[in-house]
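Summary of the model geometry
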Amino acid sequence: MAQQQKKDERFAPLKNDLIIRAAFGQKTERVPVWVMRQAGRYLPEYHEAKAGADFFTVCRNKELASTITLQPVERFPLDAAIIFTDILVVPQALGMEVLMLEKAGPHFPHPLTSPDDLAKLDEPSAALERLNYVFEAITLTRERLAGRVPLIGFSGAPWTLMAYMIEGGGSKMFAKAKAWFYKYPEASHALLQRLTDTIIIYLEGQVAAGAQLLQIFDSWANEIGPDVFATFSKPYLLQIARALKAKHPEIPLIVCSLQGNLDPCALYSSKEVIREEVRKMLQSFGSTQGLIGNLGHGLHPSHDPQLVGEFIEAVHEISEEMNRSA
Ligand code: CP3
C-alpha cells in the first residue's frame, strides 16, 4: 500500500502524485511519465542556461541546477522532475577527480588501480559534507516546483560507481573493474561497502532536503553475470533499500538496473510511429497498474523536443484509453 507522504510545512502540497502511487503498485488514472535525461542537451534552453559552463560547475550552482531541472517540466506535461546532477558526484565527493569531457563523457584522470588506492578515499561523512550543494539544489527546486509534480532524487548503485572508479570512464568490457572481483575480492567488498555507506546517508540527505522518490541507477548491472551480481551488487542494493525503508517507508525507491521501456531511438521517427510503439509497449505489460512510462536509456543531444513531447502525450492518452476499455 502507498504510504502517505509526510506533510512538509516547507513546501506546497503535491498536486500530481501519480508517479508516487504508481511506484507503490497502485492503479492510476493514466500512466505517469518521466524521461531519462529529460533535462539536457536536446533542449535549446539548457544550452542557454548553461552558457558554456562546465557540467559539474552547473551541478554545484543551485540556481542553475534548479532552473535546468525545471526546464522540461515547464515545456512538457511530465509527471516528475529529476534533480539535475550526476551519479559521479559521489566518487568525486569521496576524493576522486572526475571530469566531464565534451564528446568523450566522464573521465577519471587517476582511477583506482589496486587495493592500496582505497586509502586515498575519504570517509562517507566527509563525502556527505561535500554533497551539500545537491541538498541545496533539491530544496530550492522543491520550492520552485510549488507542488506541481514530485521531485526525484537519485544515486548510482555501488557496483556501477565502482566500475567507473576503476575503469576511469565508460568501458566496453569492464575488464579492469571485473578483474577486481577475482584478484581482490576483499578489497572489492571494502570498496562496495564504503560506497554503500555513503549512498545511504546521501539518499537520506536528499529526502531530508525534499526528494519525494528515489532512484538507484545500476547502469552496468547487465555487464556482470548472475553469480557475480548476487555477490557484489545485490547485497549492497538490499542494504540501501532496507536502510531507506526503515527510515522513510513513505518514499518509494526504484532500482533501475536492466531498463525496460521504450528504445530512445524510436523517438527519431514520427508522431504516428511513436504512438504505435507506445501502444505496443503498454499493451505488452497487460495492465497499466503500477507502470511508470520512460525510455530504456537517456535522451541524446540529437533528439527533437517536439517528438519527446509526442512520446509523453502518447503514454498519457493511450494509457487513459486502455483504462477506459479495461
Ligand atoms: O534529466 C536527468 O535525467 C537528470 C540528470 C542526470 C544526469 N545523469 C545528467 C547528465 C541523471 C539521472 C544522470 C544519471 C547518470 N549519469 C547515469 C545513470 C543513468 C544511465 O544513463 O544509465 C550514468 C551512467 C551517468 C554517468 C554519465 N554522466 C555519463 C555516461 C555521461 C555521458 C553521456 C552523455 O550523455 O553525454 C554523463 C554526462 C551527463 N549527465 C550529461 C547530463 C545532462 C551530459 C553532459 C552535459 O550536458 O554536459
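Each value, and the rule that gives it
- Residues numbered from 1 in each chain as written.
- Predicted model: local features only at pLDDT ≥ 70, side-chain atom pairs only at ≥ 80, totals over all residues.
- Heavy atoms only, no water.
- Near = heavy atom within 4 Å.
- Polar contact = N/O pair within 3.5 Å; in protein donor to acceptor, adjacent residues only side chain to side chain.
- Nonpolar A, V, L, I, M, F, W, Y, C, P; charged D, E, K, R; others polar.
- Buried < 20%, exposed > 50% of the residue type's maximum accessible area, 1.4 Å probe, protein only.
- Helix = DSSP H or I, 4+ residues; strand = E, 2+ residues; numbered from the N terminus.
- Pairing = 2+ DSSP bridges.
- Core = buried A, V, L, I, M, F, W, Y, C linked by side-chain atoms within 4.5 Å.
- Contact = heavy atoms within 4.5 Å.
- Axes fitted to C-alpha atoms, helices over the stretch in contact; angles between N-to-C directions.
- UniProt positions renumbered as here; feature names shortened; annotations may be inferred.
- Expected span 1.5 Å × (residues − 1).

Close contacts around the ligand come from 20 residues, with Arg37, Arg41, Tyr46, Asp86 and Ser219 the closest. Between arginine 37 and the ligand, the recorded distance is 2.7 Å, taken from a backbone N or O atom to an oxygen atom. Between the ligand and the protein, one listed contact pairs an oxygen atom with a backbone N or O atom of alanine 39 at 3.1 Å. Taken together, the residues of the shell around the ligand sort by class into 13 nonpolar, 3 polar and 4 charged.

In terms of burial, strand β4 (residues 151–156) is largely enclosed, as 6 of its 6 residues are buried. Here β4 shows no split at all, with Leu151, Gly153 and Ser155 on one side and Ile152, Phe154 and Gly156 on the other all buried. Two strands pair when backbone bridges link them, and strand β1 (residues 81–82) and β4 are joined in this way by 2 bridges, in the parallel orientation. Within β4, the residue paired with isoleucine 82 across the bridge is isoleucine 152.

This paragraph deals with the nonpolar core. Core analysis: the biggest nonpolar cluster contains 109 residues, and Leu191 and Phe311 have the highest contact counts within it. Ranked by residue count, the leading element in this core is helix α10 (residues 185–209), at 10 residues. Apart from the residues lying within four places of it in its own chain, the contact partners of phenylalanine 311 are Val33, Val35, Leu262, Leu267, Ile274, Val278, Asn294 and Leu295.

Turning to the pairing of strand β5 (residues 213–217), a few remarks are in order. Extensive coverage of β5 is indicated by the burial of 5 of its 5 residues. Burial along β5 is two-sided: the face carrying Leu213, Gln215 and Phe217 and the face carrying Leu214 and Ile216 are both buried. Looking at chain direction, β4 and β5 are connected through 5 bridges and run parallel. In the sheet register, glycine 153 faces β5, and the bridge partner there is leucine 214. Across 4 bridges, the pairing between β5 and strand β6 (residues 253–256) is parallel. Among the inter-strand pairings, leucine 214 is bridged to a residue of β6, identified as leucine 253.

With that out of the way, let us pick up the sheet that holds β1. Strand order in the open sheet formed by 4 strands is β1-β4-β5-β6, with parallel pairing between adjacent strands. Strand pairing shows two members of the sheet lacking a second neighbour, β1 and β6, which therefore form its edges. Here α10 sits on the sheet in contact with β4 and β5, set at roughly 170° to β4.

Per the UniProt record, the feature "domain: Uroporphyrinogen decarboxylase (URO-D)" (unreviewed entry) sits at residues 32–41 and 152–168. End-to-end, the C-alpha atoms of residues 32–41 are 23 Å apart, and along that stretch the chain is 0% helix and 0% strand. Across residues 152–168, helical content stands at 59% and strand content at 29%; the span's end C-alpha atoms are separated by 27 Å.

With that settled, consider α10. For α10, which comprises 25 residues, the first-to-last C-alpha distance of 36 Å matches the rise-based estimate of 36 Å (1.5 Å per residue) to within 8%. At the C-terminal side of α10, glycine 210 shows a positive phi close to 130°.

Topologically, glycine 95 is positioned in the loop between α5 (89–93) and β2 (99–101). We classify glycine 95 as partly exposed; its relative accessible area is 46%. In this structure the C-alpha to C-alpha distance between glycine 95 and alanine 126, which are 31 residues apart in sequence, comes to 9.2 Å. Those residues in contact with glycine 95 that lie beyond four places of it in its chain are Asp122 and Arg130.

What follows is about the environment of arginine 242. Within the secondary structure layout, arginine 242 lies in helix α12 (residues 234–247). Overall, the relative accessible area of 58% leaves arginine 242 in the exposed class. Separated by 42 residues in the primary sequence, arginine 242 and isoleucine 200 have C-alpha atoms spaced 9.7 Å apart.

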